[in-house]
Structure formats: structure tokens, C-alpha cells
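Each chain, written out:
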Amino acid sequence: MCGLSGDAERGRAVVASRKGNCLACHAAPVPEERFHGDIGPPLHDVGRRYSAAELRLRLVDSTLVDPDTVMPPFHRAEGLSGVRSDREGQPILSAQQVEDVIAYLLTLRQEPPSR
């Protein structure tokens, strides 16, 4: 995105943080965080299943893939409803954070653990 290079370590930090809030809906290989969601698919092998471009599309605005998704658009800021007034016009993640998350997700190539 915009010629930026992602950093997997920074991306992992975003995924594990409240800023990205990825773990609210997805399980991921982030053992230091106790609670992982199961609304979305596990992220464990997402780097094997999708290219950087496919991940970017889903992260920036997943409604372009599935109009009925519950996943928020992490970089689209226009045309949204229910946004706090102090956050209007601002994406959840910056372009750099999007690229960092993608760099991290591309490292995830192992199947999720059995339940």
C-alpha cells in the first residue's frame, strides 16, 4: 500500500493489541494473550492460504470480498455508520500498520492446533 514495506514484528504487536483487536474475533499463535475469538477463521495458516494482495483487500475493506461480513474495514474511513464523532474520517489502522499486519500474517503457515 503506497509503496510501504511491512515489518512482521510490528504487525504481530498490532494483531495482539487492542489497536488491531484481531484476537476479539480470531484465534492466532499469540500464546501470551489468553482470550482469542472464534467468530472469524483462525489466523494460524493464513499466510499459506492467501497472497499479500488478498490479505490487504480483506484487511483494508473486507466488504469488498463479502458484503455481509462482520469484519470492520480497517483502513476505509468513508461511508461508515456508528463511528464515534472523534474518530470520523480516520481509519482504524494506518497504511503502515496495515502493511505490518500483512507482513506478520504472511509468516503464519501452520495449521491451527486441534481443539
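To keep things clear, this report deals only with the structure shown in the data block. Please read these numbers as outputs of a predicted model, since none were measured by experiment.

### Details of the nonpolar core
Ranked by size, the top nonpolar core spans 20 residues in total, and within it Val-101 and Leu-105 carry the most contacts. Of all the secondary-structure elements, those providing two or more residues to this core are helix 1 (8–16), helix 3 (52–61) and helix 4 (95–105). Examining the composition of this core, we find that five residues originate from one element, helix 4, more than from any other.

### What to know about a nonpolar patch on the surface
On the surface, a cluster of nonpolar side chains totalling about 260 Å² of accessible area is made up of Leu-57, Leu-64 and Val-65. Counting through the fold element by element, Leu-57 comes out in helix 3.

### Brief notes about the packing of helix 3 against helix 4
For the pair helix 3 and helix 4, the least separation of the axes is 10 Å and the interaxial angle reads 130°. If you check the angle between helix 3 and helix 4, you find them oblique. Where helix 3 crosses over helix 4, the two elements pack in a sense that is right-handed. On helix 4, the residues touching Ala-52, Leu-55, Arg-56, Leu-59 and Val-60 of helix 3 are Val-98, Glu-99, Val-101, Ile-102 and Leu-105. Among the residues making up the contact of helix 3 with helix 4, the classes are represented as eight nonpolar, no polar and two charged.

### Side note on the side chain of Asp-45
With respect to the helices and strands, Asp-45 occurs in the loop between helix 1 and helix 2 (46–49). Residue classification places Asp-45 among the buried positions, given a relative accessible area of 7%. Among the polar contacts listed, one links the side chain of Asp-45 to the side chain of Arg-48, at a separation of 2.5 Å. Setting aside chain neighbours within four positions, we find Asp-45 in contact with Leu-108, Arg-109, Gln-110, Glu-111 and Pro-112.

### A word on helix 1
In an α-helix, one turn spans 3.6 residues, which is why side chains three or four residues apart end up on the same side. Three or more residues of helix 1 are buried, namely Gly-11, Val-14, Val-15 and Ala-16. Here the buried face of helix 1 lies against helix 4. A distance of 3.1 Å separates the backbone nitrogen of Glu-9 from a side-chain oxygen at the start of helix 1, and that oxygen is part of Asp-7.

Thresholds, definitions, all that
Residues numbered from 1 in each chain as written. Predicted model: local features only at pLDDT ≥ 70, side-chain atom pairs only at ≥ 80, totals over all residues. Heavy atoms only, no water. Core = buried A, V, L, I, M, F, W, Y, C linked by side-chain atoms within 4.5 Å. Buried < 20%, exposed > 50% of the residue type's maximum accessible area, 1.4 Å probe, protein only. Helix = DSSP H or I, 4+ residues; strand = E, 2+ residues; numbered from the N terminus. Patch = residues over 30% accessible without salt bridge, like charges linked within 9 Å, V, L, I, M, F, W, Y side chains within 5 Å. Areas by Shrake-Rupley, 256 points an atom, 1.4 Å probe, with all protein chains shown as cover. Salt bridge = Lys/Arg side-chain N within 4 Å of Asp/Glu carboxyl O. Axes fitted to C-alpha atoms, helices over the stretch in contact; angles between N-to-C directions. Parallel < 35°, antiparallel > 145°, perpendicular 65-115°, else oblique. Left-handed = near helix turned anticlockwise from the far one by under 90°. Contact = heavy atoms within 4.5 Å. Nonpolar A, V, L, I, M, F, W, Y, C, P; charged D, E, K, R; others polar. Polar contact = N/O pair within 3.5 Å; in protein donor to acceptor, adjacent residues only side chain to side chain.

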